[in-house]
Amino acid sequence: MNTLMYDTYTIFWREIKRYKKSRSGVLIRLIQPAIWIIVIGNTFSGTQSLIQSVGFQGEYIDFMTPGVIILTAIFTSIFGGVNTLWDRRYGFMNKALISPISRSAIALGKMFAISLISALQASLIIGIALAIGVNFPNPIMIIPIMGIVILFSLGFSGISVMVAATAKSQETFWGVINFLGMPLFMLSPALFPLELLPDWLATIAKLNPVTYTVLLVREMMTGVSEGGIPILLSLVVLFAFVFVMIGLASYVFTREVNRPF
Amino acid sequence: MRHAINALYSIEIKSLTKSFGDVIAVNNISLSVESGEIFGFLGPNGAGKSTTIMILTTLLKPTSGQALISGFDVKTNPKQVRENIGYVQQELAVDDYLTGRENLLLQAKLNHIPKGEIDKRIDDVLDLIELSDKQDKSVGTYSGGMRKRLDIAGGLLHRPKVLFLDEPTVGLDIQTRRKIWKYIKKIHVEFDMTIFLTTHYMEEADQLCDRIGIIDGGKIQVIDSPKNLKKAMGNEVISIILQESENHDYFLSELKKIEFVNKINEDGSKLTLFASNGTEVIPKIFQISSKLDIKITSLSLTQPTLDDVFLSYTGHEIRDDDSGFNQRREHAKMKRLRA
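1. Focus: the overall build of chain B
- The secondary structure content of chain B amounts to twelve helices and 14 strands.
- Projected onto the principal axes, the alpha-carbon positions of chain B cover approximately 80 × 45 × 40 Å.
- Residues classed as buried in chain B amount to 44% of the 339 residues present.
- Sequence-distant contacts, at least 24 apart, represent 71% of the contacts inside chain B between residues at least 6 apart.

Listed below in C-alpha cells is the structure:
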C-alpha cells in the first residue's frame, strides 16, 4: 500500500512538473469558460424570470456561474488524459511499465494530477466570475467547493485515462471524448434548472453525476438549494462516482497498457 | 520459482516465439548470455530484434517458449524481472519539459532507489555521461546525442543486473556514435553489468560486443564472437562488379570450381567471393572472364568485415532492406517529438 502511494506520487509529481512548464496551456484553457460566463451569462440574462419562477432570486449569471465552474472541471479533466497517448507513443509509458511500479499507480498518479490541475483552472474561473461582479455571498465556501471540484475531477479524469489507454490514436480519443463531454454537461442543471427540463430529460439528468455536482456547488455558492435533491444524496452520489471511477480506471488502464500499442 | 542466486546466465532464452497474427516476428530462438557479457543482436530492421527485447523486458508476452532474466521467468515473474533490468529504448524517451536532473530523478523514483541515495547516484551518472554542467537545463534544449546520453544514464541509475540497449546509436552522427560507444564501455566496466544490445551497425557490434548473434527473418543465423565470426569466414573477400553478360551464370559456375573459393554470393552484377587465398584466386578469375568474354568493371580484395559475415549468413546485405524508409520515419518522429 505504501509502495502504491509512493509510486502514485511519483507519477503525480511528473505530471504536475509538466503542467507547470507548459504555462501557455493554462490561459488558453481559460478562454472558453470565460466566454461562457461573459457571453452566455449576459445573453440569457433575460431568462431571469424563468429562473426566479423556480425559487432562485439572483441574476441569471449568478445561477449559471457554478455550471461554468463545473464545465471547466469537466473539460479540463476529460481532456487531461490525452498525454497517456503521447506517453505510449514516445516511450515514457514503456519506461514506467518496465520499472517495478504497478500499472494502477500510473493511472492514479495521472488522475490525481489532472484533478488538481482541474481545481486550479476552476479556481481561476471563480476569480474571473468575481471580477465581473458575480455574487458570492459567503466566500469561505470556496474551500468545500474546491474539495468537490477535486473529487468530481478525479472521477472524470478516470474516464479520460480509460479512453486514452484504450484508444490507439488521437482521433479515436478526441472522437470519444467529445461524444461524452458535451452531452454530460448539457444533460445537467448547469445552465437551466432541472424543473424547467421536460420530464424525460430531467430523468436522464438525474442519472448524471454532473447534475449532483452542479447542485452542490450552486448551493454552496448561492445558498439556494434547487431541484429538491438533498445535499447528502448529492454527496453520496459524488463519492460513489469517484470510487467506481478509481476502481474502473485502474482496472481498464492496467488491462490496456499490457497490450501492445 | 527459480532464484537468481549465482545464476551463471543473465539471460536464457529457450525456443522463444512471438507471432502477431500471421506474421512470425521471432521464430523459435534460443540463446544464453553470461553474466557480465556484452551481447549484440545484429540484424536488419524488421529482423525481430526489438520484439525480442520487448519480450525480455516484459513489455510483450511470448507466444511460446521461455525467457529468463537473472533466473526469473518474464512470463510468470515479471515484477522480479523488472527489478533486475534497465532498458534504453530505440526512441528517445526523455521528457522535454523536464530538466536533465529532473528526468533522472523521475527515473530514480520509478525504480525505487532509496531516498538517501538518489542525489549521489544522479551526481555519479551525470558525471559519467559528462552532463553535469547541463543538468538544470530543460531537455528541450539538448542535442540528439545529449538526449541519448541522458536516456542511457536513466537506464543504469538503479544499477540493474542486465541493461538492454535497443539501437543505442540509431540516427546519431558518427562522432556522437563513437562517444556513446565510449560511454557504454565505461558503464560496462564500472557497473559490471550484462549488456544486451541490438544494432544494425556492423561497426557497433564489432566495437562493443563480446559475442554477436546474427538474426534475420526472426531466426538466429549464427552466434559467436566477432573475431571467430571473421576468422570462420576464410581469409579474404574478393568483390567483383561485372558488366551484364549472357554468360553470367556460366561464369559463376566456373568461379565456383576455382580452388580456395569457399563461397560466392551474388547480388545483381556484384559478386562477393570468400576465398582462403585471394592472391592466387584473382588471376584465375581474369583467365575465366577473358575466356568467356566477360568484362569486369572493378575488382577488390579485402580482409573480411562483419558486413561480409552478415552477408554470408543471410545472403543479403544489412542495408539493402527498407532501412531508408525506417530512417525517414524515425526522423519524422523525432521532429514531431521536438515540436
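2. As for the sheet that holds strand β13 (residues 270-275) of chain B
All names here are of chain B.
- Taken in spatial order, the four strands of this open sheet run β12-β13-β11-β14, and their pairing is antiparallel. Two strands bound the open sheet, and with one partner strand each, they are β12 (261-267) and β14 (296-302). Each strand of the sheet is rotated relative to its neighbour by a mean of 15 degrees, with strand direction disregarded.
- Pairing between strand β11 (residues 236-242) and β13: six bridges, direction antiparallel. Residue pairing for β13: Val237 is matched across the bridge by Phe274.
- Running over the sheet, helix α10 (residues 278-291) touches β11, β12, β13 and β14 and is turned about 20 degrees from β11.

3. A word on the interface of chain B and chain A
- Taken together, the contacts link 22 residues of chain B with 18 residues of chain A.
- Only α2 (78-84), β6 (85-88) and α3 (100-110) of chain B provide two or more residues apiece to the side of chain B that touches chain A.
- Per element, the largest residue contribution to the side of chain B that touches chain A is four residues, and it comes from α3(B).
- Considering only residue class, the side of chain B that touches chain A consists of ten nonpolar, five polar and seven charged.

4. So, the pairing of β13(B)
All names here are of chain B.
- Pairing analysis gives six bridges linking β12 to β13, with the strands arranged antiparallel. Bridge pairing in β13 places Glu266 opposite Leu271.
- Where β12 folds back onto β13 in an antiparallel hairpin, the turn is made up of two residues, including Gly268, whose phi is positive at roughly 65 degrees.

5. Description of the packing of helix α7 (residues 103-131) of chain A against helix α12 (residues 231-257) of chain A
All names here are of chain A.
- Between α7 and α12, whose axes approach to 8 Å, the crossing angle comes to 125 degrees. In terms of axis orientation, α7 runs oblique to α12. Both α7 and α12 take part in a crossing whose hand is right-handed. Mapping the contact onto sequence places Arg103, Ser104, Ile106, Ala107, Leu108 and Met111 in α7 and Ala249, Ser250, Phe253, Thr254 and Val257 in α12.
- When its residues are assigned to classes, the contact of α7 with α12 shows seven nonpolar, three polar and one charged.

6. Details of the environment of B:Phe274
- Residue position: B:Phe274 is located in strand β13.
- In the structure, B:Phe274 is positioned 27 residues away from B:Leu301 in sequence and 9.9 Å away in space, judged by C-alpha atoms.

7. A closer look at the confidence of the model for chain B
Residues and elements named next belong to chain B.
- Per-residue pLDDT for chain B averages 85, and the proportion of residues at 70 or more is 90%.
- Here residues 1-6 scores under 50 on pLDDT; set against residues more than four positions off or in separate chains, the count is six contacts.
- Considering only residues more than four positions removed or in separate chains, one finds that residues 320-339, a stretch of pLDDT under 50, has 13 contacts.
- Two summary scores accompany this predicted model of the complex, namely pTM at 0.82 and ipTM at 0.86.

8. Quick look at the packing of helix α4 (residues 60-79) of chain A against helix α9 (residues 170-186) of chain A
Residue and element names in this part refer to chain A.
- Contact geometry of α4 with α9 gives a least axis separation of 10 Å together with a crossing angle of 165 degrees. Judged by the inter-axis angle, α4 sits roughly antiparallel to α9. For the pair α4 and α9, the sense of crossing is right-handed. Of the residues in α9, those in contact with Leu71, Ile74, Phe75, Ile78 and Phe79 of α4 are Ile177, Leu180, Gly181, Leu184 and Phe185.
- Taken together, the residues that form the contact of α4 with α9 break down as nine nonpolar, one polar and no charged.

9. Digging into the domain arrangement of chain B
- Segmenting chain B into domains produces domain 1 (9-224) and domain 2 (234-303).
- Placing the centre of domain 1 of chain B and that of domain 2 of chain B at their C-alpha centroids yields a distance of 41 Å.

10. Notes on helix α11 (residues 209-222) of chain A
Residue and element names in this part refer to chain A.
- Helix length check: α11 (14 residues) gives 20 Å between terminal C-alpha atoms against 20 Å at 1.5 Å per residue, within 8%.
- In terms of burial, α11 is largely enclosed, as 13 of its 14 residues are buried.
- Looking one or two residues beyond α11, the residue adopting positive phi is Gly223, at roughly 80 degrees.

11. Details of the nonpolar core
- With 147 residues, the main nonpolar core has A:Ile69, A:Ile70, A:Ile74, A:Val217, B:Ile69, B:Ala153 and B:Phe164 as its most contacted residues.
- Residues contacting B:Ala153, with those up to four places away along its chain left out, are B:Leu104, B:Val125, B:Leu126 and B:Ile129.
- Within the second largest apolar cluster, 13 residues are counted, among which are B:Val237, B:Ile238, B:Ala275 and B:Ile285.

12. Looking at the sheet that holds strand β9 (residues 211-216) of chain B
Residues and elements named next belong to chain B.
- Ordered by their spatial adjacency, six strands build an open sheet running β6-β7-β8-β3-β9-β10, and the pairing between neighbours is mixed. On the outer flanks of this sheet lie β6 and β10 (219-224), each paired with one strand and no other. This sheet shows a mean twist of 15 degrees between the axes of neighbouring strands, independent of strand direction.
- Sitting on the sheet, helix α11 (residues 306-314) is in contact with β3 (38-42), β9 and β10, with an inclination near 45 degrees to β9.

13. Let's talk about helix α6 (residues 174-191) of chain B
Residue and element names in this part refer to chain B.
- When the terminal C-alpha atoms of α6 are compared, their 26 Å separation across 18 residues agrees well with the 26 Å that a helix rising 1.5 Å per residue should span.
- Considered for burial, the residues of α6 that qualify are Arg177, Ile180, Ile184 and Ile187. Taken down its axis, α6 places every buried residue within 80 degrees of arc, on the same side. Facing away from the buried side of α6, by more than 90 degrees, are the exposed residues Ile174, Gln175, Lys182, Lys186 and Val189.
- Lining the buried residues of α6 we find α5 (144-156), β8 (194-199) and α7 (202-208).
- Downstream of α6 by a residue or two, Asp192 has a phi angle that is positive, lying close to 50 degrees.

14. Here's the deal with unusual backbone geometry
Residue and element names in this part refer to chain B.
- The phi angle at Asn28 is positive, at roughly 55 degrees, despite the residue not being glycine.
- One non-glycine residue, Phe260, lies in positive phi territory at about 80 degrees.
- Within the secondary structure, Phe260 sits in the loop between α9 (248-257) and β12.

Reading the values: the criteria
Residues numbered from 1 in each chain as written. Chains lettered and ligands numbered in written order. Predicted model: local features only at pLDDT ≥ 70, side-chain atom pairs only at ≥ 80, totals over all residues. Helix = DSSP H or I, 4+ residues; strand = E, 2+ residues; numbered from the N terminus. Buried ≥ 20, exposed ≤ 12 C-beta atoms within 10 Å, placed from the backbone. Contact = placed C-beta atoms within 7 Å. Pairing = 2+ DSSP bridges. Axes fitted to C-alpha atoms, helices over the stretch in contact; angles between N-to-C directions. Nonpolar A, V, L, I, M, F, W, Y, C, P; charged D, E, K, R; others polar. Parallel < 35°, antiparallel > 145°, perpendicular 65-115°, else oblique. Left-handed = near helix turned anticlockwise from the far one by under 90°. pLDDT = per-residue confidence, 0-100. Domains from an automatic or database assignment. Expected span 1.5 Å × (residues − 1). Core = buried A, V, L, I, M, F, W, Y, C linked by C-beta atoms within 7 Å. Arc of directions from axis to C-beta.

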